[in-house]
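# Analysis of the macromolecular model
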Amino acid sequence: MAGHSKYKNIMYRKGAQDKKRSAAFSKLSREITVAAKMGTPDPDMNPRLRAAVNAAKAQSMPKDNIQRAIDKAERGDGENYEEIRYEGFGPGGVSLIIEALTDNRNRTATNVRVAVSKNGGNLGASGSVSHGFDRMGLISYPASAGDADTVFEAALEAGAEDVESGDDGHEIWTSNEALHEVVKALTPVLGEPEGAKLAWKPQTMVEVGEDDAGLLFKLIDVLDEDDDVQQVWGNYDVSDAVLEKLG
């Protein structure tokens, strides 16, 4: 297990995305409803729903909103969403995995394709880039959960596989199957995590220069603004110097 790596850039612009509160709440509600429909509406008995609720709480989503999303699933109200994954390439040869929840596959496919093509990228076939990523569990904690050594020791004891700590917080990686067991072990020690979900971790990183980085982040912003897009993963590494220039 490593204590730190350059993976920090993969979730870059999280702060900017957090400001889009209304859009963020919409996506969180959709995930909660889907998770509740796929299993029991009790978060304690439904790991995916528990993770979705924790993510919503981390974004300061009101309890009433969370409960309404769960109730919607229990009543069978609303749309039936399906999960779709798109794969492709962004500026600088970066590999991208775009995860969506949609009630209209054609609409989402068109929007994603246009967003990618207009911002220096192109979509590929299913499996075109995912072979370069590992499907793993990702547990997120704020920096306030503890220093790097404390979090590292707790994660090691809980059975995690990797830990990456930085100024913005801690990312704890687990095997796919062990995600929720590790969360259970960590919670008494570090508290409730900000998020716990399945994620795509790149096997190798691609260093991106200033020009490509600006276009790449624009592409990610456009995708983030699409209500159907839940998450964008990439194998990009942008140096601190380039990030400072981009502001």
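Scroll up to find the structure.
Below or above, wherever it landed, is the structure these notes cover. (Residues numbered from 1 in each chain as written. Predicted model: local features only at pLDDT ≥ 70, side-chain atom pairs only at ≥ 80, totals over all residues. Heavy atoms only, no water.)

This part takes up the sheet that holds strand β5 (residues 162-166). Spatially, the four strands line up as an open sheet ordered β5-β6-β4-β7, and their pairing is antiparallel. Two strands in the sheet have a free side with no partner beyond their single neighbour: β5 and β7 (195-202). Between one strand and the next, the sheet's axes are offset by a mean angle of 30°, whatever the strand orientation. In the sheet, strand β4 (residues 133-141) pairs with β7 via eight bridges, with the strands oriented antiparallel. Looking at the pairing, F133 lines up with P202 of β7. Lying on the sheet, helix α7 (residues 179-190) is in contact with β4, β6 (169-174) and β7; it crosses β4 at an angle near 20°. (Pairing = 2+ DSSP bridges. Helix = DSSP H or I, 4+ residues; strand = E, 2+ residues; numbered from the N terminus. Axes fitted to C-alpha atoms, helices over the stretch in contact; angles between N-to-C directions. Contact = heavy atoms within 4.5 Å.)

The biggest cluster of nonpolar side chains holds 23 residues, and the ones touching the most others in it are I98, V112, L223, Y236 and V238. For this core, the elements supplying multiple residues, two or more each, are β1 (82-89), β2 (95-102), α5 (105-118), α8 (210-224), β9 (229-234) and α9 (240-246). When residues in this core are grouped by element, the largest group, six residues, is from α8. Setting aside residues up to four positions removed in sequence, V112 forms contacts with Y86, I98, L123, L223 and V229. Listed in part, the 17 residues of the second largest apolar core include Y141, V183, L186 and L190. (Core = buried A, V, L, I, M, F, W, Y, C linked by side-chain atoms within 4.5 Å. Buried < 20%, exposed > 50% of the residue type's maximum accessible area, 1.4 Å probe, protein only.)

Listed in full, the buried residues belonging to helix α6 (residues 148-158) are V151, A154, A155 and A158. What you see down the axis of α6 is that its buried residues fit within an arc of 100°, all on one side. In α6, the exposed positions that point more than 90 degrees away from the buried face belong to D149, E153 and E157. Buried positions along α6 lie against β5, β6 and α7. Near the N-terminus of α6, the side chain that reaches the backbone nitrogen of D149, with its oxygen 3.3 Å away, is that of D147. (Arc of directions from axis to C-beta. Polar contact = N/O pair within 3.5 Å; in protein donor to acceptor, adjacent residues only side chain to side chain.)

This part covers the sheet that holds β1. In sheet architecture, strand pairing relies on hydrogen bonds along the backbone and comes in two forms, parallel and antiparallel. Judged by pairing direction, the sheet is antiparallel, and its four strands sit side by side in the order β3-β1-β2-β9 without closing on themselves. Two strands in the sheet have a free side with no partner beyond their single neighbour: β3 (122-124) and β9. Taken over all neighbouring pairs, the strand axes of this sheet differ in orientation by 30° on average, direction set aside. Sheet topology note: the β1/β3 ladder contains three bridges and is antiparallel.

With the rule as written, the count across this model stands at one aromatic pair. Ring geometry for F217 against Y236: centres 6.0 Å apart, planes inclined by 80°, an arrangement best described as edge-to-face. Taken together, the residues F217 in helix α8 and Y236 in strand β10 (residues 236-237) connect sequence positions 19 residues apart. An identical accessibility class is assigned to F217 and Y236; each is buried. (Phe/Tyr/Trp six-rings, centres within 6.5 Å; stacked < 30°, edge-to-face > 60°.)

What follows concerns the side chain of S130. By secondary structure assignment, the location of S130 is in the loop between β3 and β4. In this view, S130 contacts R85, E87, I97 and W200; residues no more than four positions away in its chain are not counted.

Turning our attention to the pattern of salt bridges. Applying the stated criterion to the full structure yields 14 salt bridges. In this structure, D228 engages R107 in a salt bridge whose closest nitrogen and oxygen atoms are separated by 2.9 Å. One end of the pair, D228, is in the loop between α8 and β9; the other, R107, is in helix α5, with 121 residues separating them in the sequence. What makes R107 partly exposed here is its relative accessible area of 32%. One salt bridge connects K201 with D162, and the closest N-O pair in it is separated by 2.4 Å. On the criterion of sequence distance, the pair formed by K201 in strand β7 and D162 in strand β5 is long-range, its members being 39 residues apart. (Salt bridge = Lys/Arg side-chain N within 4 Å of Asp/Glu carboxyl O.)

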